[in-house]
Every structure is written in C-alpha cells, then in structure tokens.
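Chain by chain, the residues run as shown.
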Amino acid sequence: MIRINQETATQVLQEVKKGDLITDTFSKTGIVEDIEVTDEGIYRVYTYSLVTGRTIVIKK
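These numbers were taken from a predicted model, which means no experiment stands behind them.

Enquirer: Sorry if this is basic, but what is going on with the nonpolar core here?
Expert: Generally speaking, soluble globular proteins have nonpolar side chains that are buried together. Residues Ile4, Leu13, Val16, Ile22, Val32, Tyr46, Tyr48, Leu50, Ile56 and Ile58 constitute the largest nonpolar core, which totals 10 residues. Ranked by the residues each element gives to this core, the list is headed by strand β4 (residues 44-50), at 3 residues. Residues contacting Tyr48, with those up to four places away along its chain left out, are Ile4, Leu13, Val16, Ile22, Asp34, Ile35, Arg54, Thr55 and Ile56.

Rendered as structure tokens:
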C-alpha cells in the first residue's frame, strides 16, 4: 500500500499506476482506477480516482 499526502515525494506520486493500492492515511483507501495529472503553472495536481468512487487530490 502506498501512502499519498502533501509530503509524498513527487517521484512517488509519478510512479503510482492503475491497479496500485493507495491511501490518503485518513479515510480514503482503494485501488487506483484512473490517474490525471494537470499542470497549473505553479502546482501540479495529481488526481487519483479509486474503484470505490472516491478521489484523492494532491497539489504539489
């Protein structure tokens, strides 16, 4: 299981792939169904959609 939060290294965020089991260390845990990375200039937004229907969003 991979823990994802604001302190997670960018390299780790980029290595997450579909099928990985991830958690936000609070209430969201699941298998990654879809990954979207958006570049907003200052930040990169990593959006992980889980098979449970929940979403984990990290701005880094």
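Enquirer: Teacher, can you tell me more about the side chain of Thr8 here?
Expert: By secondary structure assignment, the location of Thr8 is in the loop between β1 (2-3) and α1 (10-15). One polar contact links the side chain of Thr8 to the main-chain carbonyl oxygen of Arg3, over a distance of 3.4 Å. Ignoring any residue separated from it by four or fewer positions in sequence, one finds Thr8 in contact with Arg3, Leu13 and Lys60.

Enquirer: Help me understand the packing of aromatic side chains, please; the structure alone is not making it clear to me.
Expert: The geometry of an aromatic ring pair comes down to the distance between the two centres and the angle between the two planes. The full count for this structure, using the stated rule, is 0 aromatic pairs. Across the ring face of Tyr43, the terminal group of Lys59 is positioned such that the distance to the ring centre comes to 5.7 Å.

Enquirer: Is there a simple way to think about the sheet that holds strand β5 (residues 55-59) in this case?
Expert: Strand pairing in a sheet is mediated by backbone hydrogen bonds. Such pairs are either parallel or antiparallel. With mixed pairing, the 5 strands of this open sheet are ordered in space as β1-β2-β3-β4-β5. Each edge of the sheet is formed by a strand with only one pairing partner; in this case those strands are β1 and β5. Pairing of β4 with β5, which is carried by 5 bridges, proceeds in the antiparallel orientation. Its bridge partner lying in β5, Tyr46 is registered against Ile58.

Enquirer: Is there a simple way to explain the environment of Thr55 in this structure?
Expert: Within the secondary structure, Thr55 sits in strand β5. Classification of Thr55 by relative accessible area gives partly exposed; the value is 31%. Sequence separation between Thr55 and Tyr43 is 12 residues; the distance between their C-alpha atoms is 18 Å. With near-sequence residues (within four places) excluded, Thr55 lies in contact with Lys28, Thr47, Tyr48 and Ser49.

Enquirer: Just checking my understanding: could you explain a nonpolar patch on the surface for this structure?
Expert: Judged by side-chain polarity, Met1, Leu21, Ile31 and Val51 come together as a nonpolar surface patch covering roughly 380 Å² of accessible area. Within the secondary structure, Met1 sits in the segment before β1.

Enquirer: Even after reading the chapter, I still don't get the pattern of salt bridges, so can you show me in this structure?
Expert: Any two side chains of opposite charge can pair, on the condition that their charged atoms come close. Under the criterion given, the structure shown has 1 salt bridge. Between Asp20 and Lys17 there is a salt bridge, with its nearest N and O atoms 3.2 Å apart. The buried category is assigned to Asp20, whose relative accessible area is 15%.

Conventions we followed
Residues numbered from 1 in each chain as written. Predicted model: local features only at pLDDT ≥ 70, side-chain atom pairs only at ≥ 80, totals over all residues. Heavy atoms only, no water. Core = buried A, V, L, I, M, F, W, Y, C linked by side-chain atoms within 4.5 Å. Buried < 20%, exposed > 50% of the residue type's maximum accessible area, 1.4 Å probe, protein only. Helix = DSSP H or I, 4+ residues; strand = E, 2+ residues; numbered from the N terminus. Contact = heavy atoms within 4.5 Å. Polar contact = N/O pair within 3.5 Å; in protein donor to acceptor, adjacent residues only side chain to side chain. Phe/Tyr/Trp six-rings, centres within 6.5 Å; stacked < 30°, edge-to-face > 60°. Lys NZ or Arg CZ within 6 Å of the ring centre and 35° of its normal. Pairing = 2+ DSSP bridges. Patch = residues over 30% accessible without salt bridge, like charges linked within 9 Å, V, L, I, M, F, W, Y side chains within 5 Å. Areas by Shrake-Rupley, 256 points an atom, 1.4 Å probe, with all protein chains shown as cover. Salt bridge = Lys/Arg side-chain N within 4 Å of Asp/Glu carboxyl O.

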